[in-house]
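The primary structure of each chain is shown beneath.
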Amino acid sequence: MNFWYFLTALTLLSASMVILSKNPIHSVLYLVFTFFCISGHYVLLNAQFLMAVNIVVYAGAIMVLFLFVIMMMDLSKNSPDSKSTLTKLAGAILGGTLLVILIAASRKVDLKDVKPIDAQTGMVEGLGQILYRDYVLPFELVSILFFVAMVGAVMLGKREAGERNF
Amino acid sequence: MEITSTLFTAKAIYVGIIFAITLGVAAYSTYFERIIAAFMQDRVGPDRAGPFGILQPLADAVKMFMKEDFIPANSNKWLFIAGPCLSMLTALMTSAVVPFGDQLDLGDGIILDLQGIDVNIGILWVFGIVSLGVYGVLIGGWASNNKYSLIGAIRAASQNISYELAMGLSIIAILMLSGSLSTKSIVETQQNGHWNILYQPLGFVIFLVCAFAECNRTPFDLPECETELIGGYHTEYSSMKLGFYLFSEYINMFISGAVMATLYFGGYDYLFNDYVAQISWLGEYAYNVSALLGLVVLIVKALIFVFIFMWVRWTLPRFRYDQLMGLGWTGLIPLAMFNVVLTGASMLFTVNDGGSNWMTVGASWAGVIIMLVVTFAYSEMKYKKKKLATA
């Protein structure tokens, strides 16, 4: 339990550093660190597979692409005054509303019908059974959604005939 | 596990030994790289430091430490230092899940697994660490505040991400065969000569090519392409920081050799392991001797892969960047998907056959032959078209 407190403090600290640091590259690196902390939480919940997939997909692929784009654009030169007071206010209201909704939703959760945890909870076999037997239709629909997004990205990135070739 | 227990001590000693072996192999890889290069180019190679030049790695290390440790002005100091550290860290972390051997019986009922951690998700761990390896290069290249370094780093990142996809897809076929993500069970399903290379020749070729790309070795060493980018991402680095980058490449070679041996070449399995485990004059130690022999066998297999890495480096020229991306996205990924479908189909047809594997073997090799024929026909067709166009 002590370890849980330490990890949570670390997660919150690095997550707030994401929005507090001036340099966008530092923000991305703090975000990667936050993902590691969240993976640590998954391990504490006995969800090894989620931990590995979180690292592979988010820290290993998506954040690398973020870093990639930020390095290419060199955002550090034109940073501070890009946001007006209105944007900041709108952001604060939106974030606050989300927080209220999340708290309201989590207050209604009833923990009485949760199944007790055994050694196999969170293991990849159990996850596979759930994904491919109980929830196979939503799972396949999500894969179609991804496929559509992928086709769209290819479509946007495609060079049209006569366009300049770099 | 208590800190004072024998098992903990034994595990700590095991981890220390594997660490030492990895670093030692990496150090001597630099020497053998030069010896092999010299042999292939009909030269003498390093022969001054000690007999046959075997003290050369030591001399190189001393040189590296003695050089001026330079941090460029206007660079991001902390990230500049963090880059090589991250590269080294991720290179060393992968070996935690590689099963270097079977179990050792230490007496008193204490059984030591010759593997760092046997986790349920073994191969995903390898995959996760490999995907993190790119951060060291990317951060180092960016923090140098140099255009060439940045371009080198960005090339490295895009190359690694592109080849990770094909690598993951080629592993999926292995996972379908063994039915587990744990590296230990993947090795256990391959015991007694049922090596995955017999069932997955195509997958192995894809994995090998991807391993070359992930280690930034020739013919995929675009990130440090001298003619275009000076030194690539480590242009600004000197002294031991540069040493860490170069050293982590050799560690990656050895570890990826060990991973390939684990996935495709039976891991610590060798031909007479059952026989050795029952030699009568060894008595109760026979099983331990067999396990230790397995450890040696795995390291030898990994070293053979290191040799192949070097062989290819001094044989093949470098790809052009669009060729590299073309091979990854339009060559290897469809091929890996074809392999997954082929493996799945052959498993589906043999599911009622009482565990006979001949169908799987036949289908996979037939797949390789079909692939070769199609590739050959395609390149022939393209060549003819080109000739028509130029004529």
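The shown structure was predicted, so the numbers you read here are calculated from the model rather than taken from an experiment.

Participant: Could you give an account of the side chain of Asn-54 of chain A, naming the residues involved and the relevant values?
Facilitator: The residue Asn-54 of chain A is located in helix α3 (residues 48-73) in this model. With residues near it in sequence (within four places) discarded, Asn-54 of chain A still touches Phe-35, Ile-38, Ser-39, Tyr-42 and Ala-59 of chain A.

Participant: Quick rundown of the pattern of salt bridges? Include the residues and the values.
Facilitator: All names here are of chain B. For the coordinates displayed, the defined rule picks out five salt bridges over all chains. The partner of Asp-60 in a salt bridge is Arg-34, with the nearest N and O atoms 3.2 Å apart. Taken together, the residues span a long stretch of sequence, with Asp-60 in helix α2 (residues 56-66) and Arg-34 in helix α1 (residues 6-40) at a distance of 26 residues. On the basis of relative accessible area, Asp-60 is assigned to the partly exposed category, the value being 23%. Under the relative-accessibility criterion, Arg-34 is labelled partly exposed at 35%. Asp-47 is the salt-bridge partner of Arg-48, the closest N and O atoms lying 3.4 Å from each other. The exposure class of Arg-48 is exposed, given its relative accessible area of 75%.

Participant: I'd love a proper account of unusual backbone geometry, names of residues and values included.
Facilitator: Residues and elements named next belong to chain B. At Phe-52, a residue that is not glycine, the phi angle is positive and equals roughly 55°. Inspection of the secondary structure puts Phe-52 in the loop between α1 and α2. A relative accessible area of 70% places Phe-52 in the exposed class. The backbone phi angle of Ser-239 is positive, close to 55°, even though this residue is not glycine. For Ser-239, a relative accessible area of 5% translates into the label buried.

Participant: Give a detailed account of the UniProt feature "transmembrane region" (unreviewed entry) in chain A, specifying residues and quantitative values.
Facilitator: The UniProt entry lists residues 27-45, 52-73, 85-105 and 135-156 of chain A under the feature "transmembrane region" (unreviewed entry), expressed in the numbering used here. As annotated, residues 135-156 of chain A comprises 95% helix and 0% strand, and the C-alpha atoms at either end are separated by 32 Å.

Participant: Break down the interface of chain B and chain A for me, citing the residues and quoting the values.
Facilitator: Contacts between chain B and chain A engage 22 residues on the former and 26 residues on the latter. Area buried by chain B at its contact with chain A is led by Asn-120, Tyr-135 and Trp-142 of chain B, which between them contribute 28% of it. Counting the contacts that link chain B with chain A gives zero salt bridges. Connecting chain B to chain A are three residue pairs in polar contact (both at pLDDT 80 or more). Looking at the side of chain B that touches chain A, the elements with two or more residues in it are α4 (122-143) and α5 (147-178) of chain B. Per-element accounting of the side of chain B that touches chain A gives the leading share, 11 residues, to α4 of chain B. For the side of chain B that touches chain A, the residue count by class is 17 nonpolar, five polar and no charged.

Participant: How would you explain α5 of chain B if you had to name every residue and give the values?
Facilitator: All names here are of chain B. Between its first and last C-alpha atoms α5 spans 46 Å; for 32 residues at 1.5 Å apiece the expected length is 46 Å, and the two agree. Across the 32 residues of α5, 24 count as buried, placing the element largely inside the fold. Between the side-chain oxygen of the N-cap and the backbone nitrogen of Tyr-148 there are 2.8 Å, and the N-cap of α5 in question is Asn-146. Downstream of α5 by one or two residues, Gly-179 has phi in the positive range, about 70°.

Reading the values: rules and limits
Residues numbered from 1 in each chain as written. Chains lettered and ligands numbered in written order. Predicted model: local features only at pLDDT ≥ 70, side-chain atom pairs only at ≥ 80, totals over all residues. Heavy atoms only, no water. Helix = DSSP H or I, 4+ residues; strand = E, 2+ residues; numbered from the N terminus. Contact = heavy atoms within 4.5 Å. Salt bridge = Lys/Arg side-chain N within 4 Å of Asp/Glu carboxyl O. Buried < 20%, exposed > 50% of the residue type's maximum accessible area, 1.4 Å probe, protein only. UniProt positions renumbered as here; feature names shortened; annotations may be inferred. Buried area = accessible area lost by both parts, 1.4 Å probe. Polar contact = N/O pair within 3.5 Å; in protein donor to acceptor, adjacent residues only side chain to side chain. Nonpolar A, V, L, I, M, F, W, Y, C, P; charged D, E, K, R; others polar. Expected span 1.5 Å × (residues − 1).

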